Amino acid sequence: MEKVRDISFDIAKGIGIILVVIGHYVPDDAPLWYTGLVRFIYYFHMPLFFIIAGYFYDCSTRRTDYLPFVWSKFQRLMLPYFILSWAIVGTKVGIGRVMQVDHPVTLDALYRVFYLPEAGYFLWFVYVLFLTFCLAPLFKKGGRLIIFSIMALGLFFWDTAPQSFCIRQLCSHLAFFVWGMWVARSGGLQLAMRRYPLLWGVITISFSFAYGHVQSGVVATLFLLVLGITGSFMVLSVSAWLSRLAGPVSLGLSRIGVMSMTIYLFHTWIMGGGKAILTHILSGGNTIEFVLSALFIIGAGIVGPICLYKWVWTKNKFTARIFK
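Residues numbered from 1 in each chain as written. Predicted model: local features only at pLDDT ≥ 70, side-chain atom pairs only at ≥ 80, totals over all residues. Heavy atoms only, no water.

**Quick word on helix H13 (residues 248–258)**
Move 1: Buried within H13 we find Ser250, Leu253, Ser254, Ile256 and Gly257. Take H13 and look down its axis: the buried residues cluster within an arc of 160 degrees, on one side only. Of the exposed residues in H13, the ones pointing more than 90 degrees away from its buried face are Pro248 and Arg255.
Move 2: Taken together, the buried residues of H13 touch helix H1 (7–23), helix H12 (218–245), helix H14 (260–278) and helix H15 (287–311). (Buried < 20%, exposed > 50% of the residue type's maximum accessible area, 1.4 Å probe, protein only. Helix = DSSP H or I, 4+ residues; strand = E, 2+ residues; numbered from the N terminus. Arc of directions from axis to C-beta. Contact = heavy atoms within 4.5 Å.)

Written as structure tokens, this is what we have:
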């Protein structure tokens, strides 16, 4: 009997990638309500993807030796990382000779991408996800997950972790991947993940307000850990509810979710083009123009990469495989 795909996770990834695109559009003239929204989004939008990844990793029953597994993840994650990084560096260096570009780089960035997301900071996610998949097989069996959990929790509180090889980002997100693995093993956590969207929303909003009044330190770090989990459960429970409705909204979000990696890899390029277009059309300075420009640029950042994949990358087997 063919297994039915659970689209609630596709919907969750669809919501998550929309939040990512929103979070990457913060112009200098953004109103306070918008910057507040972006700040709230940043508490949980990336932990969400790590929790989902950890959940599906632990649910997988396919047995693969360590090296073939890591190699498959290298092809899936690091090949796009290097190809896109070098393309961005080349583009910035070329365009930078004739006009000003945001975050300019030099040619030595071509080798620095091996240990830093030099071409574009957003690419840290791809790098860290690969590192996570290098670690996870060592701790999947039985009680090893307890050791993995203790290690991940300790790393989460390592506030002086180095930036090189994205170690700092790994430390701040590995715990969420491990939490996803625990959810996969607990029927109670899975039930909580799929229910109570209003409760999770209230808890997350309440904790976000409380976090704003907490001084930096261990307590503030603990708040970030809790916000990452409750915020992700908020999105996942909303996604489960939408999947039961089976309407056009859930269908659209699930299709966006399936293309979430493509959107993640290319949305900044498309959004950059959208910003360049709008500078010649809108003068800015009022709420209506800000909302219109935000809808245009965010929409382009979501739809543009999907069209790019459909009309360009699918024409070649290699690009169709690595950019989806």
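Next comes the rest of the write-up.
**Concerning the packing of aromatic side chains**
Any two aromatic rings considered together are summarised by their centre-to-centre distance and by the angle between their planes.
Move 1: Per the stated rule, a full pass over the model turns up 41 aromatic pairs.
Move 2: On the basis of an interplanar angle of 70 degrees and a centroid distance of 6.4 Å, the ring pair of Tyr25 and Tyr34 is categorised as edge-to-face.
Move 3: With a relative accessible area of 6%, Tyr25 lands in the buried category.
Move 4: Considering the side-chain rings of Tyr34 and Phe290, the 5.0 Å spacing of their centres and the 75 degrees angle between planes classify their relative orientation as edge-to-face. You can see Tyr34 sitting in helix H2 (residues 32–41) and its partner Phe290 sitting in helix H15, a full 256 residues away along the chain. (Phe/Tyr/Trp six-rings, centres within 6.5 Å; stacked < 30°, edge-to-face > 60°.)

**Describing the pattern of salt bridges**
Any two side chains of opposite charge can pair, so long as their charged atoms come close to each other.
Move 1: Under the definition given, this model contains 4 salt bridges.
Move 2: Among the salt bridges present, the one from Asp6 reaches Arg194, with a minimum N-O distance of 2.6 Å. Of this pair, Asp6 sits in the segment before H1 while Arg194 sits in helix H10 (residues 187–194); the two residues are 188 residues apart in sequence, bridging distant segments of the chain.
Move 3: In this structure, the salt-bridge partner of Asp108 is Arg112, at a minimum N-O distance of 2.9 Å.
Move 4: With relative accessibility at 31%, the residue Asp108 sits in the partly exposed group.
Move 5: In this structure Arg112 comes out as buried when scored by relative accessible area, which is 17%.
Move 6: Several salt bridges converge on common partners, so that one network encompasses Asp108, Arg112 and Glu118. (Salt bridge = Lys/Arg side-chain N within 4 Å of Asp/Glu carboxyl O.)

**Concerning the side chain of Ser232**
Move 1: With respect to the helices and strands, the residue Ser232 is situated in helix H12.
Move 2: Polar side-chain contacts of Ser232 include one of 2.6 Å to the backbone oxygen of Gly228.
Move 3: When residues no more than four places from it in sequence are discounted, the contact partners of Ser232 are Phe44, Pro47, Leu48, Ile51 and Leu227. (Polar contact = N/O pair within 3.5 Å; in protein donor to acceptor, adjacent residues only side chain to side chain.)

**Overview of the packing of H10 against H12**
Move 1: Contact geometry for H10 and H12: axes closest at 6 Å, N-to-C directions at 75 degrees. Viewed along their axes, H10 and H12 adopt a mutual orientation that is roughly perpendicular. Of the residues in H12, those in contact with Leu189, Ala192, Met193 and Arg194 of H10 are Phe233, Leu236, Ser237, Ala240 and Arg244.
Move 2: Partitioning the contact of H10 with H12 into residue classes produces 6 nonpolar, 1 polar and 2 charged. (Axes fitted to C-alpha atoms, helices over the stretch in contact; angles between N-to-C directions. Parallel < 35°, antiparallel > 145°, perpendicular 65-115°, else oblique. Nonpolar A, V, L, I, M, F, W, Y, C, P; charged D, E, K, R; others polar.)

**Things to note about the packing of helix H7 (residues 144–156) against helix H9 (residues 174–185)**
Move 1: Between H7 and H9, whose axes approach to 8 Å, the crossing angle comes to 150 degrees. The pairing of H7 with H9 is recorded here as roughly antiparallel in orientation. Handedness of the crossing formed by H7 with H9: left-handed. From H7, Leu145, Ile146, Phe148, Ser149, Met151, Ala152, Leu155 and Phe156 reach across to H9, where they touch Leu174, Ala175, Phe176, Val178, Met181, Trp182 and Arg185. (Left-handed = near helix turned anticlockwise from the far one by under 90°.)

**Focus on the environment of Leu48**
Move 1: Here Leu48 is to be found in helix H3 (residues 45–59).
Move 2: Taking the C-alpha atoms as reference points, Leu48 and Gly231, 183 residues apart in sequence, are found 7.8 Å from one another.
Move 3: Not counting residues up to four positions away in its chain, the partners in contact with Leu48 are Ala12, Gly16, Ser232, Val235 and Leu236.

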